[in-house]
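Residues per chain, in single letters:
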Amino acid sequence: MEQFVRRRLVRYVLAYAWLLIISTFTAFPFFWMLTSSFKARPEIFTRIPVLIPQEPTLANYNYVLNETPAGRYFLNSLYIATVTTLLALVLTTLGAYALSRFQFRMRRSLGVWLIAGQMFPGVLMLIPLFVTLTRLNLVNTYAGLIIVYTMGALPFSTWMLKGYFDTVPRELEDSAMIDGCSRVGAIRRVFLPVAAPGIAAVALFAFTIAWQEFMFALTMMKDQEKYPLSVGINFFVGIAGSVVWGNIMAMAVLIIVPGLIFFLFLQRYMISGLTAGAVKG
Amino acid sequence: MSTKSLSVPMPEGLERLSRRLSNRHITPYYYLLPTVIPLLLLTVYPLLRGIYLAFTQYNLYNKDTTLVGTLNFIELTTNDTLFWGALANNIIWTVGIVVITYVLGLFTSIALNENIPLRGLFRGLALIPWVCPAVVAALTWRWIFDPHFGMLNYALMEIGLIDRQIGWLGDKNTALAATMIVAIWKLLPFSVVMLLAGLQTVPEELYEAGAIDGAGVLGRFRYITVPLLNRVGKIAILLTTIWAFNHFDSVYVLTGGGPGDTTMLLSIMSYLNAFRFFKIGYASAVGVIMLILLLLPITLYTRQVLEDVE
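Conventions and cut-offs
Residues numbered from 1 in each chain as written. Chains lettered and ligands numbered in written order. Predicted model: local features only at pLDDT ≥ 70, side-chain atom pairs only at ≥ 80, totals over all residues. Heavy atoms only, no water. Domains from an automatic or database assignment. Contact = heavy atoms within 4.5 Å. Buried area = accessible area lost by both parts, 1.4 Å probe. Salt bridge = Lys/Arg side-chain N within 4 Å of Asp/Glu carboxyl O. Helix = DSSP H or I, 4+ residues; strand = E, 2+ residues; numbered from the N terminus. Nonpolar A, V, L, I, M, F, W, Y, C, P; charged D, E, K, R; others polar. Buried < 20%, exposed > 50% of the residue type's maximum accessible area, 1.4 Å probe, protein only. pLDDT = per-residue confidence, 0-100. Core = buried A, V, L, I, M, F, W, Y, C linked by side-chain atoms within 4.5 Å. 1 Å grid on protein atoms, 1.4 Å probe; cavity = no way out; pocket = protein on both sides within 12 Å on 5 of 7 lines; lining within 4 Å. Points joined across faces, edges and corners; volume = space filled by probe spheres on them.

1. A word on the domain arrangement of chain A
Link 1 in the chain: For chain A, the domain assignment lists domain 1 (2–31) and domain 2 (69–275).
Link 2 in the chain: Each of domain 1 of chain A and domain 2 of chain A has a C-alpha centre, and the two are 36 Å apart.

2. Here's the deal with the interface of chain B and chain A
Link 1 in the chain: Chain B puts 94 residues into the contact, and the matching count from chain A is 97 residues.
Link 2 in the chain: Considering only the surface of chain B that becomes buried against chain A, Y31, W130 and W143 of chain B emerge as the three largest contributors, covering 11% of it.
Link 3 in the chain: The interface formed by chain B and chain A includes one salt bridge.
Link 4 in the chain: Among the elements that line the side of chain B that touches chain A, the one with the most residues is helix α2 (residues 27–53) of chain B, at 19 residues.
Link 5 in the chain: Of the residues assigned to the side of chain B that touches chain A, the class counts are 71 nonpolar, 15 polar and eight charged.

3. Concerning unusual backbone geometry
Link 1 in the chain: For the peptide bond that leads from G258 of chain B to P259 of chain B, omega is -10 degrees, which places it in the cis range.
Link 2 in the chain: One can find P259 of chain B in the loop between α12 (249–254) and α13 (266–275).
Link 3 in the chain: With a phi angle near 70 degrees, N140 of chain A is a residue other than glycine that sits in the positive phi range.
Link 4 in the chain: Among the structural elements, N140 of chain A can be located in the loop between α6 (122–135) and α7 (142–166).
Link 5 in the chain: Assessed through its relative accessible area of 14%, N140 of chain A is described here as buried.
Link 6 in the chain: Here L118 of chain B, not a glycine, exhibits a phi torsion of approximately 70 degrees, which is positive.
Link 7 in the chain: With respect to the helices and strands, the residue L118 of chain B is situated in the loop between α4 (83–113) and α5 (119–127).

4. Some points on the environment of R170 of chain A
Residues and elements named next belong to chain A.
Link 1 in the chain: Inspection of the secondary structure assignment puts R170 in the loop between α7 and α8 (171–178).
Link 2 in the chain: Between the alpha carbons of R170 and T158 there is a distance of 18 Å; along the sequence they are twelve residues apart.
Link 3 in the chain: Filtering out sequence-adjacent residues up to four positions away, R170 remains in contact with S100 and R101.

5. Notes on the confidence of the model for chain B
Low-pLDDT portions of the prediction should not be read for the details of their coordinates.
Link 1 in the chain: The predicted model of chain B has a mean per-residue pLDDT of 86, with 91% of residues at 70 or higher.
Link 2 in the chain: Considering only residues more than four positions removed or in separate chains, one finds that residues 1–7 of chain B, a stretch of pLDDT under 50, has zero contacts.

6. Regarding the side chain of S77 of chain A
Residue and element names in this part refer to chain A.
Link 1 in the chain: As for its placement among the helices and strands, S77 is situated in helix α4 (residues 70–101).
Link 2 in the chain: For S77, a relative accessible area of 1% gives the class buried.
Link 3 in the chain: Here S77 is in contact with W211, P228 and L229, once residues within four sequence places are set aside.

7. A few points about the nonpolar core
Link 1 in the chain: The biggest cluster of nonpolar side chains holds 179 residues, and the ones touching the most others in it are I248 of chain A together with W93 and Y301 of chain B.
Link 2 in the chain: Shared between two domains, this core holds at least three residues of each, these being domain 1 (2–31) and domain 2 (69–275) of chain A.
Link 3 in the chain: L106, L199, L229 and V232 of chain B belong to the second largest nonpolar core, which has five residues in total.

8. Remarks on empty space enclosed by the protein
Link 1 in the chain: Tallied over the entire structure, the rule returns seven cavities of 30 Å³ or more.
Link 2 in the chain: Estimated volume of the second largest cavity: approximately 100 Å³.
Link 3 in the chain: Lining the second largest cavity we find eleven residues, and of these T208, Q212, G259 and F262 of chain A together with V131 of chain B sit closest to its centre.
Link 4 in the chain: Contributing elements (two or more residues each) for the lining of the second largest cavity: α9 (183–212) and α12 (245–275) of chain A.
Link 5 in the chain: Broken down by class, the residue content of the lining of the second largest cavity amounts to eight nonpolar, three polar and no charged.

As structure tokens, then:
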């Protein structure tokens, strides 16, 4: 017995030690970003780094929100990500429902394409899409980016949602249809409420793609006032000459906060979504 | 739907059409078409077009396409001083990231699988890089790596591991490793989540049975944990490989391929050729080579996922 307890103790100590090391690695950049966003210039450029600001200031936020287009970038990102999410929700729900409930020709090929479709090199897809969207006058428009992001979210979300729909018993809709519902009515009244967690995971996934994406936005957006946050913050670093880290970190916090809120509320769904297959970072 | 509202008799042809459209063999396509058409237009078409472009010389401005056969590929593999270096970097980068991410993810998920207090907090902390866009991660780490004011040099000098400031991203010897750290940071949450989910399917009784049969900690790890993690582990490794191989964002922001092309990856090389030098066909050829190299992991991954379903 005593030996058992001692062994268990050793395991706990080892687990804690490792978790402390690894969470220092994963969380330190966030800590550093957050505290630095409240530092005035003298506390940023020091030989001995200041961990916690002694004289916290809102000057960085004030500057970023009032003197730079960061607020504009934020709204651009919010608009692009919201429309992408809504579009992806409608399209993936329809597609995933068909894949889960109906038998049809090419079902398997479609499945293969959905799984493999998100794995191709981004640059290989970027070049022809850029050429095509230029022809359609969609370069440098929100619509262009929204189309690209919806496409990016579609394959994996559809596959993930199909997996979730498979776990919802078919009898649910069948009995609703026997009771006189049309199929659409049965889906809306009975099926969707049950499938909500899977749909929430898709929303989270689509929003994250649109919120974080960089390469396509960098290539497609020419006008500064149309930049989403990811391109905006990089542009701002580029023009700032010697990098004013306090301001950049305040901007970084603005980018991360919506994701963080989502993360705290939807962590469970995110994990179930991730493990249903995989999620592109 | 009430039938009375449809009491006006339909012409026969229309009726047949309506019957055919509501046929249960066609119904799936109503649901599928809105998904499949954009999918075909936006993934199949660009892919085929991208492969086609690799065999052309394409001018973005006068939209002049000339088929040149395999010229781009010959040029790349025989004349381009950058290509083989970028390929080697890409392979080192990918293998390094995959191995380290897997090992760190394995230890972390094993620790998180222990029933310890504050487990939820630690799990949250381990997963948090997932919410950080690659660009923001790159900028924050760039500052941590800063030779004069960065946290890393300060910490390492305090511990006594180094005795002078290192310009992690500016030094040809350290730049690739530094960019790898940022990518590992970003990919770790995925690895942890997958492996933790795998571990949680391992029944506790197996370990107890193993202990009774005299297996030590290492023995149980080797003969129970590792084989049972086989499936999720495979998926985690394949996906990390594909993502790392295709990666662009954080390296572009951290170094842009420098210093002295030591962090030049194939995706960066392709991007610069396309959008800085406007060599669209040439850039597509780099993309096609990436695709060819990825075919094996993509196939294995797809097969694995389909196998799990059926």
